[in-house]
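# Descriptive structure summary
Single-letter residue listing:
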Amino acid sequence: MKTIVLVWAGLLALLAATAASSLIPLGIANAALNIGIAAAKAALVALFFMRLRRSIALLRLIAVVSLLALGLLFLLGGADLVTRHIERSAWQDARPSVSAGQH
Amino acid sequence: MSARHAAVRTASGCAGTADDARARIGMWVFLASEIMFFGPVFFAYLYGRHAWTQAFEAASRSTDLACGTLNTALLLTSSAAMAAAALRAEQGARRQARRGLGAVVLLGAAFLLVKGYEYRQDWHEGLVPGPGFHVAQAADQAAAQLFYFVYFFATLLHALHVIIGMGLVLYCRGLLARGSGQTGARRVEICGLYWHFVDLVWIFLYPALYLAGRAS
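Broken down by element type, chain A carries three helices and zero strands. Traced from its N-terminal end to its C-terminal end, chain A shows the element sequence α-α-α. Looking at chain A alone, contacts between residues at least 24 apart form 43% of all its contacts between residues at least 6 apart. With an accessible surface of roughly 6500 Å², chain A has 71% of that area assigned to carbon and sulfur atoms.

Quick look at the structure:
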């Protein structure tokens, strides 16, 4: 029970840190801090609340494989969108076309 | 029967039955598939942030930081309550476990209330995609609108998971009231895994939707 309370306090401290740091202009470090702190919070929840810290290897393997599969999706999908020139039809707008801003 | 209930070293490292181990593995595999369900939403966000950085950051600044932070704190606390309830259920302290589960449901309901209040604000501020949509400081309104498509899709999908999670927790609470021993403790633990996963998704949604471009 003591561990749960400590982890909870750590999570709230990390939340305060990420919220406060996002208000200070740090350039690219803002995004890096936000992602790093989110990953730290996720690790605390997975290791202590979801008990991966004391689990058998199989459960950890399932968690890691799911993250790897997600990483593949991001990597391959992202590489496609970033590096390829997208040919548009003559009637297709280059920007998202919606009715926004016409009020 | 004896093999089924024999104490083995299982997933949590504590003594448990083979049924416990099977239930944990089943839930983890399900959660792995859920990651692939939420993942593409984050991918859409990343693509938008890369392609229309200014509009996405302006749109992110127009979300309600106070509500988002409060909601994150509520969900993190509910996860701690869930972990405490699972521990108590395992130790056979059913009354305390039920109290913990009650706290989880109340915190989940508070989360949904805050989110509902936020949606109401969004509606009044013209942040819902459609005619009349407008985000201040966004050069490209159409791209800002894409941010809000992602925002509403992600938060509504997440809210749906919170509601399902609350239903599961209430079910476990009823189960403990009837005194179901090992089965009850196992179900609390398994439903807890689902609840923590929903918390994990929010942990990443929070910086993406509420913190991006705050300082710029």
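Let's shift gears to the pattern of salt bridges. Residue and element names in this part refer to chain B. Applying the stated criterion across every chain yields a total of eight salt bridges over all chains. A salt bridge links aspartate 20 to arginine 186; the shortest N-O distance between them is 3.0 Å. One end of the pair, aspartate 20, is in helix H2 (residues 18-51); the other, arginine 186, is in helix H7 (residues 181-211), with 166 residues separating them in the sequence. Note on accessibility: aspartate 20 and arginine 186 belong to one class, buried. Of the charged contacts in the structure, one is a salt bridge between lysine 115 and glutamate 118, with a shortest N-O distance of 3.2 Å. Within this pair, lysine 115 and its partner glutamate 118 are both found in helix H5 (residues 94-124), separated by three residues, close to a single helical turn.

Before going further, it helps to examine a nonpolar patch on the surface. Residues and elements named next belong to chain A. A contiguous nonpolar surface patch, about 340 Å² in accessible area, is contributed by Leu23, Ile24, Leu26 and Leu33. Secondary-structure assignment places isoleucine 24 in the loop between helix H1 (2-21) and helix H2 (28-49). A relative accessible area of 45% means that isoleucine 24 is categorised as partly exposed.

Residues and elements named next belong to chain B. Per-chain confidence: chain B averages 91 in pLDDT, with 93% of residues scoring 70 or above. Note that pLDDT drops below 50 for residues 1-13; the model gives that stretch 30 contacts with residues more than four away or on any other chain. Interface confidence for the predicted complex, given as ipTM, is 0.89, next to a pTM of 0.90.

Each partner contributes to the interface: chain A provides 47 residues, whereas chain B provides 59 residues. With both sides pooled, the region where chain A packs onto chain B buries about 4500 Å², and carbon together with sulfur makes up 77% of that total. At the junction of chain A and chain B, the tally comes to two salt bridges. Between arginine 51 of chain A and glutamate 189 of chain B there is a salt bridge, with its nearest N and O atoms 3.9 Å apart. One can count three residue pairs in polar contact (both at pLDDT 80 or more) joining chain A with chain B. Mapped by element, the contributors of at least two residues to the side of chain A that touches chain B are H1, H2 and helix H3 (57-83) of chain A. Top contributing element to the side of chain A that touches chain B by residue count: H3 of chain A, with 14 residues.

In terms of nonpolar packing, the biggest core is built from 85 residues, with Met50 of chain A together with Tyr148 of chain B touching the most fellow members. If one sorts the elements of this core by residue count, H7 of chain B sits on top with 19 residues. Residues in contact with tyrosine 148 of chain B, not counting those within four places in the same chain, are Ala59, Ser62, Thr63, Leu127, Pro129, Phe133 and Val135 of chain B.

This next bit is on the packing of H2 of chain B against helix H3 (residues 53-61) of chain B. Residue and element names in this part refer to chain B. In contact at an axis separation of 5 Å, H2 and H3 are set at 115° when each is read in the N-to-C sense. From H2, Tyr45, Gly48, Arg49, His50 and Ala51 reach across to H3, where they touch Thr53, Phe56 and Glu57. Looking at the contact of H2 with H3 residue by residue, the class counts come to three nonpolar, three polar and two charged.

This part is about H2 of chain A. All names here are of chain A. Its 22 residues place the ends of H2 31 Å apart at the C-alpha level, agreeing with the 32 Å of an ideal helix rising 1.5 Å per residue. If you check which residues of H2 are buried, you get Asn30, Asn34, Ile37, Ala38, Lys41, Ala42, Val45, Ala46 and Phe49. Phi turns positive, to about 60°, at arginine 51, one or two residues after H2.

Moving on, we come to the side chain of aspartate 199 of chain B. Here aspartate 199 of chain B lies in helix H7. One buried charged residue, aspartate 199 of chain B, remains without a salt bridge, the closest side chain of opposite sign being lysine 41 of chain A at 8.0 Å. Residues within four places of aspartate 199 of chain B in sequence aside, it is in contact with Val45 of chain A together with Leu75, Leu76 and Ser79 of chain B.

The next subject is the packing of aromatic side chains. Residue and element names in this part refer to chain B. Under the definition given, this model contains 18 aromatic pairs over all chains. Members of the aromatic cluster, connected to one another through ring pairs, are Tyr45, Tyr47, Trp52, Phe56, Tyr119, Phe133, Phe147, Tyr148, Tyr151 and Phe152. The residue whose ring lies beneath lysine 115 is tyrosine 119, and the NZ or CZ to ring-centre distance is 4.7 Å.

Calculation rules
- Residues numbered from 1 in each chain as written.
- Chains lettered and ligands numbered in written order.
- Predicted model: local features only at pLDDT ≥ 70, side-chain atom pairs only at ≥ 80, totals over all residues.
- Heavy atoms only, no water.
- Helix = DSSP H or I, 4+ residues; strand = E, 2+ residues; numbered from the N terminus.
- Contact = heavy atoms within 4.5 Å.
- Areas by Shrake-Rupley, 256 points an atom, 1.4 Å probe, with all protein chains shown as cover.
- Salt bridge = Lys/Arg side-chain N within 4 Å of Asp/Glu carboxyl O.
- Buried < 20%, exposed > 50% of the residue type's maximum accessible area, 1.4 Å probe, protein only.
- Patch = residues over 30% accessible without salt bridge, like charges linked within 9 Å, V, L, I, M, F, W, Y side chains within 5 Å.
- pLDDT = per-residue confidence, 0-100.
- Buried area = accessible area lost by both parts, 1.4 Å probe.
- Polar contact = N/O pair within 3.5 Å; in protein donor to acceptor, adjacent residues only side chain to side chain.
- Core = buried A, V, L, I, M, F, W, Y, C linked by side-chain atoms within 4.5 Å.
- Axes fitted to C-alpha atoms, helices over the stretch in contact; angles between N-to-C directions.
- Nonpolar A, V, L, I, M, F, W, Y, C, P; charged D, E, K, R; others polar.
- Expected span 1.5 Å × (residues − 1).
- Lys, Arg positive; Asp, Glu negative; His and termini not counted.
- Phe/Tyr/Trp six-rings, centres within 6.5 Å; stacked < 30°, edge-to-face > 60°.
- Lys NZ or Arg CZ within 6 Å of the ring centre and 35° of its normal.

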